[in-house]
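# Per-entry structural report
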Amino acid sequence: MKEIERRRTFAIISHPDAGKTTLTEKFLLFGGQIQVAGAVKSNKIRKTATSDWMDIEKQRGISVSTSVMEFDYLPDAQEGEPYKVNILDTPGHQDFAEDTFRTLTAVDSAIIVVDSAKGVEAQTRKLMEVCRMRNTPVIIFINKMDREGRDPFDLLDELEEELQIHVRPLSWPIGQGQKFKGVYNIYERQLNLFTPNKQRVTEKVPVDVASAELDQTVGEREARQLRDDLELVDGVYPAFDVADYRGGQVAPVFFGSALNNFGVQELLDCFVEIAPSPRPTKAEERTVEPEEDKFTGFVFKITANIDPNHRSCIAFCKICSGRFVRNQPYLHVRLGKTVRFSSPTQFMAQRKSTVDEAWPGDIVGLPDNGIFKIGDTLTEGEDLHFRGLPSFSPELFKYIENDDPMKSKQFAKGLEQLMNEGVAQLFVNQFNGRRIVGTVGQLQFEVIQYRLEHEYGAKCRWEPVHLHKACWIEAEDADELDNFKKRKYQYMAKDIEGRDVFLADSGYVLAMAQQDFKAIKFHFTSEF
């Protein structure tokens, strides 16, 4: 129980460019994992962000894959065992949304980052819906207060309206943009003044709000404004209740600037104190409690090529209950066979270290030689299935062709490993035997091409194909299914698991097929 209670596993989510990766860097800085924080878009700072480790991420300044980092942290004011923090930094770009949705099934809480000038954006709304579906508690961090932005009260109103959740500020900015002086910590009732420093942590000055010292420190006008604002906050918003936050009813709000280290430590200190420790996980058969004796866990992500020298795939396994021990035999439920892991790892983005045991809430990397698929369950013998890791039906399609006949082996191997990550899907057309890649966003095609060339030494070229939607089909009557496949043989394909997929070239064709073949079920996610 002691190990479970000190675990905090959370995802950082937001719209692209709101500052997730920068915030992750600062958390690692406070956790003592790195000495100097890296920058996402760096020209002078010669160190790139720890969590953006793929070459394509460094070049473009965006995250294309969820990275996992863990560290121990103890707030200055507390004594005793440090908290064990597991961060998942997710991609914000909507072309990689599927990766982010899956990551949210493996965390106990989330931090949403909002840009103070732009407010709530489309992608943030979608991510909030996923959190609401699973009742995941969220904390909101309003970033970039060191730039001219909108009025804090306007931002709070917009958060309530757009994200459909009650908010309660737990810190408050003093001025903003050029006049930004610091952040008042409502949760601990003290003022912390900072000097902006992008790479190191600076000293804090505790000041009482009612004292004359405040006027001298920030100036009379700002001090008066702060006192008025705080009075208004206490008048408008109900007092903060941890139970409401954990139940997903209220979102605490913090203000700051991740780039300049303003307000980040208040967020981290308050987070480790109020965030939930690992929660029960629903399986199809029953609910799994974290404090059960026997080990259970599920795979929510697979990454090819974490180490380019070894061509290895790693499966990320979230531990739901019991204790995971190295070299112990565990049951792989889908294959029905026993597996052992001699070198399970824990992560710091790309750096990894071998781990002997892990507890509920932890995320362990298991070496994967092709035995894992996303959603696989590992147990100590019980037949369990964890659900809720969908693959969505793709919306963009292209033929993929090998562009270098001498490298067909590398091409086949690279394509197979990248498709197993589950962010894009591969279909083989039964009519002409050509391979079709389906994705949810245009950027995916560029990432696949780049990674094939730089990680596997294979070249590919894309050719246009006109398709509207891919859907998985099944029928109870085998003759009906046969009949359908004969009638639509030009549009039939198989996915990597050999299941039948119907590739409709327009919405009209799909609607007609559904109307003409009543006995056939059409599925738009790969889980059925």
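Small disclaimer: the values here were computed from a predicted structure and weren't measured. (Residues numbered from 1 in each chain as written. Predicted model: local features only at pLDDT ≥ 70, side-chain atom pairs only at ≥ 80, totals over all residues. Heavy atoms only, no water.)

### With respect to the overall build of the protein
Assigned secondary structure in the protein consists of 14 helices and 30 strands. The buried share among the 528 residues of the protein stands at 55%. For the protein, the share of sequence-separated contacts (at least 6 apart) that also reach a separation of at least 24 residues comes to 72%. Accessible surface for the protein amounts to roughly 23,000 Å². Of this, 46% is attributable to carbon and sulfur atoms. (Helix = DSSP H or I, 4+ residues; strand = E, 2+ residues; numbered from the N terminus. Buried < 20%, exposed > 50% of the residue type's maximum accessible area, 1.4 Å probe, protein only. Contact = heavy atoms within 4.5 Å. Areas by Shrake-Rupley, 256 points an atom, 1.4 Å probe, with all protein chains shown as cover.)

### What about the environment of Glu416?
Its location among the elements puts Glu416 in helix H11 (residues 408-420). Taking C-alpha positions, Glu416 is 9.5 Å from Gly370, a pair spaced 46 residues apart along the chain.

### A word on the pattern of salt bridges
For the coordinates displayed, the defined rule picks out 23 salt bridges. With a closest N to O distance of 2.7 Å, Arg7 and Asp362 form a salt bridge. Placement of Arg7 in strand E1 (residues 7-14) and of Asp362 in the loop between strand E20 (357-358) and strand E21 (363-368) is noted, with a sequence separation of 355 residues between them. Here the two residues Arg7 and Asp362 agree in accessibility, since each one is buried. (Salt bridge = Lys/Arg side-chain N within 4 Å of Asp/Glu carboxyl O.)

### Structural notes on the packing of aromatic side chains
Summed over all chains, the structure comprises 16 aromatic pairs. Relative to Tyr330, the ring of Phe324 lies with its centre 5.6 Å away and its plane at 25 degrees, an arrangement referred to as stacked. You can call Tyr330 buried: its relative accessible area is 3%. Between Phe341 and Phe372, the aromatic rings sit 6.1 Å apart at their centres with planes inclined by 20 degrees, giving stacked as the arrangement. Residue Phe341 is located in the loop between strand E17 (337-339) and strand E18 (345-348), and its partner Phe372 is located in the loop between E21 and strand E22 (377-379); the two are separated by 31 residues in the primary sequence. Ring pairing ties together the aromatic residues Phe295, Phe324, Tyr330, Phe341 and Phe372, which thus form one cluster. (Phe/Tyr/Trp six-rings, centres within 6.5 Å; stacked < 30°, edge-to-face > 60°.)

### A look at the nonpolar core
Formed by 56 residues in total, the largest nonpolar core has its most connected members in Leu104, Ile140, Ile142, Leu156, Leu159 and Trp172. Among the elements that take part in this core, helix H6 (residues 152-163) stands out by supplying 5 residues, more than any other. In terms of domain composition, this core takes at least three residues from each of domain 1 (3-279) and domain 2 (282-379). Ignoring any residue separated from it by four or fewer positions in sequence, one finds Ile142 in contact with Val114, Ser116, Leu155, Leu159, Val253, Phe254, Phe255 and Gly256. Listed in part, the 30 residues of the second largest apolar core include Phe27, Leu28, Tyr245 and Ala275. (Core = buried A, V, L, I, M, F, W, Y, C linked by side-chain atoms within 4.5 Å. Domains from an automatic or database assignment.)

### Details of the pairing of strand E5 (residues 138-143)
The element E5 is largely enclosed, with a buried count of 6 among its 6 residues. Of the strand pairs in this sheet, strand E4 (residues 109-115) and E5 are connected by 6 bridges, and their pairing is parallel. Looking across to E5, one finds that Ala110 is bridged to Val138. Taking the sense of rotation as the criterion, the β-α-β connection linking E4, helix H5 (residues 122-133) and E5 turns out right-handed. (Pairing = 2+ DSSP bridges. Right-handed = clockwise from strand over helix to strand, strands pointing away.)

### Quick notes on the pairing of E21
Counting buried residues along E21, 5 of its 6 residues qualify, which places the element largely inside the surrounding structure. Two strands pair when backbone bridges link them, and strand E14 (residues 313-321) and E21 are joined in this way by 6 bridges, in the antiparallel orientation. Paired with Cys317 across the two strands is Val364, which belongs to E21.

### A word on the side chain of Ser321
Mapping Ser321 onto the fold places it in strand E14. In this structure Ser321 comes out as buried when scored by relative accessible area, which is 0%. Polar side-chain contacts of Ser321 include one of 2.9 Å to the backbone oxygen of Lys294. A distance of 2.8 Å separates a polar atom in the side chain of Ser321 from a polar atom in the side chain of Thr296. Beyond its immediate stretch of four places on either side in the chain, Ser321 contacts Val288, Glu289, Pro290, Glu292, Lys294, Phe295, Thr296 and Pro360. (Polar contact = N/O pair within 3.5 Å; in protein donor to acceptor, adjacent residues only side chain to side chain.)

### A word on a negative patch on the surface
Residues Asp151, Asp154, Asp157 and Glu161 make up a contiguous surface patch of negative charge. Secondary-structure assignment places Asp151 in the loop between E5 and H6. Asp151 gets classed as partly exposed once you look at its relative accessible area, which sits at 36%. (Patch = residues over 30% accessible without salt bridge, like charges linked within 9 Å, V, L, I, M, F, W, Y side chains within 5 Å. Lys, Arg positive; Asp, Glu negative; His and termini not counted. Charge placed at Lys NZ, Arg CZ, Asp CG, Glu CD.)

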